[in-house]
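Observations on chain architecture
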Amino acid sequence: AENDEHIWAQEYDRDATDVFAIQTDLSEKISQELSAKLSPAEKAQMSEKPTENWEAYLAFIQARNLRCNVEDFQKLKQAEQLFERAIELDPKFALAYAGNSDLQSWIYHNFDPVPARRDRARALANRALELKPNLPEGHMALGTSHYYGDQDYEGALREFGLAKEGLPNQSEVYLAIGAIQRRQGHWEESTANLEKAASLSPNDPWPLQNLSFNYQMVRNYDAAIATLDRALKIVPKSISLLGLKAKFVLAQSGDLSVIEPMIQFVQNLPAGLEKTQITIEGLVFVRLMQRNYAEAARVAESIDDSVLEALPGTLYSKYVNLGFARRALHDEPAARAAFLRARAVAEKMLQEGPDDPSRHTRLGSVLVFLGEKEAGIAEGKRATEILPESKDAFGGPEMTENLAEIYALAGDPDHAVDLLEGLLARPSSLTVPLIRINPIWDGIRNHPRFLALLQR
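Residues numbered from 1 in each chain as written. Predicted model: local features only at pLDDT ≥ 70, side-chain atom pairs only at ≥ 80, totals over all residues. Heavy atoms only, no water.

Turning our eyes to something else, we now look at the overall build of the protein. Scanning the protein for helices and strands turns up 25 helices and zero strands. Relative to the compact-globule value of 23 Å for 456 residues, the protein shows a C-alpha radius of gyration of 24 Å, a close match. Dimensions along the principal axes, computed over C-alpha positions, put the protein at roughly 75 × 45 × 45 Å. The contacts in the protein between residues at least 6 apart in sequence include a share of 55% that link residues at least 24 apart. Only carbon and sulfur atoms are counted for the fraction: they give 51% of the accessible area of the protein, which is about 22100 Å². Counting 50 positive and 66 negative side-chain charges, the protein places the centres of these two groups 3 Å from one another. (Helix = DSSP H or I, 4+ residues; strand = E, 2+ residues; numbered from the N terminus. Rg over C-alpha atoms; globule rule 2.2 N^0.38 Å. Contact = heavy atoms within 4.5 Å. Areas by Shrake-Rupley, 256 points an atom, 1.4 Å probe, with all protein chains shown as cover. Lys, Arg positive; Asp, Glu negative; His and termini not counted. Charge placed at Lys NZ, Arg CZ, Asp CG, Glu CD.)

Here it is, written out as structure tokens:
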């Protein structure tokens, strides 16, 4: 590749229904031309068919492609249906079980933390390994279920190590190992593995996005922004990446004007669920930061609830932010009505996913807004018990920050400042510029300890 000289080339013109034979032939010819020394297991792997059912394989490939849309719940649900279709067509298709297990774990972790989905992920991974005990993807899926389902980091790393033996150049393996290492607080090792993942899959922005989070947590925002710029060269119009970049610049500088170009970009997007979600969780948030409460309320109220039913977290955000804005505008009846609606959504979400710490903090915040301070603080504490920083150095600080916010809203500046001092002294996404501009802290902003903290 360095000098653009061809070593070997050959054209293949065959029936696509015999794709497995083509793959085997290609593998054998390329290994011969490169004088590669293959183990007996590698030779056997080259000629082994994942399934005899071509239709099942097509469904599997389509599902795997959709699975790449890691932040699009609707496409992930389509992938789920296709994985199920592949398994239905070939009940012994081990790769399909592994792929479906990995998907179930991801959805459980990010969108739908219900016990049934966690259990389904484990059962699918175990079935894949029953069918093929040495399947690297099966060990990958089982490790992911240990990771997301149980926060069993050691068990996950054992499985990922087995997967790595069979998939030594697979980006996802290094990404998974790096993701666990940062939860263990091993930031340098994690960053090295995430860089490796990015180098193995240079056209995939997802490893770079994960890498940027590492730099964010250690407050190296120059590196975080530069990493996102690398990702944006791959997908220049990615809403999530552009939003993250704006967020990082804001955390570094506290300059709200840097957000305006992003707002204009979002407002010019065609109507759809993605635009709606970003409007509620991004634009409304920015207007609150700007203390433009009337505009924040107007935007929140402009989105119909029926559009948000598929995204309960966004529905909650709409009403809790609307309540905050209405209270700031001294419209207490409207504020209380919004908070009561947010509470109903939060309680339903918590009932469906009682082990999700972020759902406890959501309920805790709205309880405090409704004047139920002790109950709200109890929910915030429960979140830090489910996901303490001692167990998760990456996700735990967010729960600590949420509890600090609950204390501030409850009018308890000492406990809030105690937590803020710790967060600012160790890796977390909290920065002084963010504290300065966030109205969530306005209730304790003139407290001597709070002022001293910012000054220090």
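Position of D13 among the secondary structure elements: in the segment before α1 (19-33). The spacing of D13 and I234 is 221 residues in sequence and 32 Å in space, taken between C-alpha atoms.

On to the packing of helix α20 (residues 357-369) against helix α21 (residues 373-386), then. Running from N to C, α20 and α21 cross one another at 165°; their axes reach a closest spacing of 7 Å. By the criterion of interaxial angle, the relationship of α20 to α21 is roughly antiparallel. Crossing of α20 against α21: the hand is left-handed. Only K373, A375, G376, I377, E379, R382, A383 and I386 of α21 make contact with α20, whose side of the interface consists of P357, H360, T361, L363, G364, L367 and V368. Grouping the amino acids of the contact of α20 with α21 by side-chain chemistry returns eight nonpolar, four polar and three charged. (Axes fitted to C-alpha atoms, helices over the stretch in contact; angles between N-to-C directions. Parallel < 35°, antiparallel > 145°, perpendicular 65-115°, else oblique. Left-handed = near helix turned anticlockwise from the far one by under 90°. Nonpolar A, V, L, I, M, F, W, Y, C, P; charged D, E, K, R; others polar.)

So, about the packing of aromatic side chains. Per the counting criterion, the structure on display carries 17 aromatic pairs. An aromatic cluster is built from F20, W54, Y57, F60, F83 and F93, whose rings are joined through pairwise contacts. Sitting over the face of the ring of F73, K77 holds its NZ or CZ atom 4.7 Å from the ring centroid. Sitting over the ring of F394, R182 keeps its end group 4.0 Å from the ring centre. (Phe/Tyr/Trp six-rings, centres within 6.5 Å; stacked < 30°, edge-to-face > 60°. Lys NZ or Arg CZ within 6 Å of the ring centre and 35° of its normal.)

Moving on, we come to unusual backbone geometry. In this structure, Q151 is a non-glycine residue whose phi angle is positive, near 50°. One non-glycine residue, R219, adopts positive backbone phi at about 60°. Here R219 shows up in the loop between α11 (205-217) and α12 (221-234). Taking relative accessible area as the criterion, R219 reaches 28% and is therefore assigned partly exposed. (Buried < 20%, exposed > 50% of the residue type's maximum accessible area, 1.4 Å probe, protein only.)

F60, F93, Y147, F160 and F248 are the most contacted members of the largest nonpolar core, which has 69 residues in total. In terms of residue count, helix α5 (residues 94-110) provides more of this core than any other element does, eight residues in total. Other than its neighbours up to four places away in sequence, F160 contacts M140, G143, T144, V173, A176, I177 and I180. (Core = buried A, V, L, I, M, F, W, Y, C linked by side-chain atoms within 4.5 Å.)

Checked against the element boundaries, S39 lands in the loop between α1 and α2 (40-47). The partly exposed category is assigned to S39, whose relative accessible area is 29%. In this structure the C-alpha to C-alpha distance between S39 and Q455, which are 416 residues apart in sequence, comes to 63 Å.

Tracing the chain through its elements places T227 in helix α12. Look at T227 and you get buried, because its relative accessible area is 4%. The contacts of T227, once residues within four sequence positions are left out, are L208, L211, S212 and Y215.

Mapped onto the elements of the fold, E80 is located in helix α4 (residues 73-89). Taking the relative accessible area as the measure of exposure, E80 reaches 18% and is therefore buried.

With 12 residues, helix α23 (residues 413-424) extends 16 Å between its outermost C-alpha atoms, agreeing within 8% with the 16 Å of an ideal straight helix rising 1.5 Å per residue. For α23, the complete set of buried residues consists of P413, A416, V417, L420, G422 and L423. Contact partners of the buried residues in α23: α22 (396-409), α24 (432-437) and α25 (448-455). (Expected span 1.5 Å × (residues − 1).)

Here we take up the pattern of salt bridges. Tallied over the full model, the rule gives 33 salt bridges. A salt bridge links R85 to E88, with the nearest nitrogen and oxygen atoms 3.9 Å apart. Residue R85 and its partner E88 are both found in helix α4; the two are separated by three residues, about one turn of the helix. On the accessibility criterion, R85 (33% relative accessible area) is partly exposed. The residue E195 makes a salt bridge to R230 at a minimum N-O spacing of 3.6 Å. Highlighted residues: E195 in helix α10 (residues 187-200) and R230 in helix α12, separated in sequence by 35 residues. Salt bridges sharing partners connect three or more residues here, namely D414, D418, E421, R449 and R456. (Salt bridge = Lys/Arg side-chain N within 4 Å of Asp/Glu carboxyl O.)

Another point: the environment of T24. Structurally, the position occupied by T24 is in helix α1. Take T24: its relative accessible area is 14%, and that puts it in the buried class. When the C-alpha atoms of T24 and R298 are compared, they prove to be 60 Å apart, with 274 residues separating the residues in sequence. Polar contacts involving the side chain of T24 include one to the main-chain carbonyl oxygen of M46, which spans 2.7 Å. (Polar contact = N/O pair within 3.5 Å; in protein donor to acceptor, adjacent residues only side chain to side chain.)

Between the first and last C-alpha of α10 there are 20 Å, a value that for 14 residues agrees with the 20 Å anticipated at 1.5 Å per step. Of all the residues in α10, the buried ones are W187, S190, T191, N193, L194, A197 and A198. Projected down its long axis, α10 carries its buried residues within an arc of 165°, all on one side. (Arc of directions from axis to C-beta.)

Fair warning: the whole summary comes from geometry, so function is off the table for now.
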